[in-house]
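Understanding the architecture of this molecule
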Amino acid sequence: RGVARDGGKAVSLYRAAAEGGSAVGLCCLAVAFEKGLGETVDPGRTAELYAKAVAKLQELVQEAEGGNSMAQFQLGRMYNLGRGVVKDMVKAAELYGKAADQG
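Below or above, wherever it landed, is the structure these notes cover. Just so it is clear, the structure is predicted and the values come from calculations on it, not from any experiment.

Conventions and cut-offs
Residues numbered from 1 in each chain as written. Predicted model: local features only at pLDDT ≥ 70, side-chain atom pairs only at ≥ 80, totals over all residues. Heavy atoms only, no water. Core = buried A, V, L, I, M, F, W, Y, C linked by side-chain atoms within 4.5 Å. Buried < 20%, exposed > 50% of the residue type's maximum accessible area, 1.4 Å probe, protein only. Contact = heavy atoms within 4.5 Å. Axes fitted to C-alpha atoms, helices over the stretch in contact; angles between N-to-C directions. Helix = DSSP H or I, 4+ residues; strand = E, 2+ residues; numbered from the N terminus. Parallel < 35°, antiparallel > 145°, perpendicular 65-115°, else oblique. Left-handed = near helix turned anticlockwise from the far one by under 90°. Nonpolar A, V, L, I, M, F, W, Y, C, P; charged D, E, K, R; others polar. Salt bridge = Lys/Arg side-chain N within 4 Å of Asp/Glu carboxyl O.

Counting 11 residues, the largest nonpolar core is built from Ala23, Leu57, Leu60, Ala64, Ala71, Leu75, Met78, Tyr79, Val85, Ala92 and Leu95. Excluding its chain neighbours within four sequence positions, the residues that come into contact with leucine 57 are Ala23, Leu75, Met78, Gly84 and Val85. Core analysis: the second largest hydrophobic core is formed by nine residues, Ala30, Ala32, Leu49 and Ala53 among them.

Below is the structure:
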């Protein structure tokens with residue numbers, strides 16, 4: 001809304017997020033390579049990016065389960081928004097609560 005679609009710009013932002021370690025950025029970049037959105041379709045690169053996203057998400061889950069409040073908050077946000085995971089408001093609230101309990 002209010003901004004013209006720009007696949008190249010979107011891919012640039014996804015790439016920056018992925019390079020910053022974002023599981024969601026990795027997933028979005030994988031979709032770009034999978035569907036040819038601002039990038040050439042590349043099944044090999046797609047698989048590589050999805051694998052990195054899964055590993056990053058597993059890391060975040062482990063940190064959250066280990067009591068890391070920032071990881072709990074970030075994972076809760078992902079569940080709240082349905083970004084990189086299936087939207088689950090109950091799980092989001094649980095994770096937000098754990099993070100809040102720690103300050």
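Back to the text.
As a further point, take the packing of helix 4 (residues 69–81) against helix 5 (residues 89–101). Two elements in contact, helix 4 and helix 5, have axes whose closest approach is 8 Å; the angle formed by their N-to-C orientations is 160°. One element, helix 4, and the other, helix 5, form an angle in the roughly antiparallel class. When you trace helix 4 past helix 5, the crossing you get is left-handed. Taking contact as the criterion, the partners of Ser69, Gln72, Phe73, Leu75, Gly76, Arg77, Tyr79 and Asn80 in helix 4 are, on helix 5, Met89, Lys91, Ala92, Leu95, Tyr96, Lys98 and Ala99. Here the contact of helix 4 with helix 5 is built from residues that sort into eight nonpolar, four polar and three charged.

Let us now look at the pattern of salt bridges. Taken as a whole, this structure holds six salt bridges when the rule is applied. One salt bridge in this structure joins glutamate 39 and arginine 15, with 3.2 Å as the shortest N-O distance. On the criterion of sequence distance, the pair formed by glutamate 39 in the loop between helix 2 (23–35) and helix 3 (43–65) and arginine 15 in helix 1 (residues 7–19) is long-range, its members being 24 residues apart. Judged by its relative accessible area of 27%, arginine 15 falls in the partly exposed class. Lysine 98 is paired through a salt bridge with glutamate 94; the nearest N and O atoms lie 3.5 Å apart. Here the residue lysine 98 and the residue glutamate 94 both occupy positions in helix 5, the gap between them amounting to four residues, near one helical turn. Taking the relative accessible area as the measure of exposure, lysine 98 reaches 40% and is therefore partly exposed. Taking the relative accessible area as the measure of exposure, glutamate 94 reaches 37% and is therefore partly exposed. Three or more residues are tied together by salt bridges with common partners; here these are Arg45, Glu48 and Lys52.

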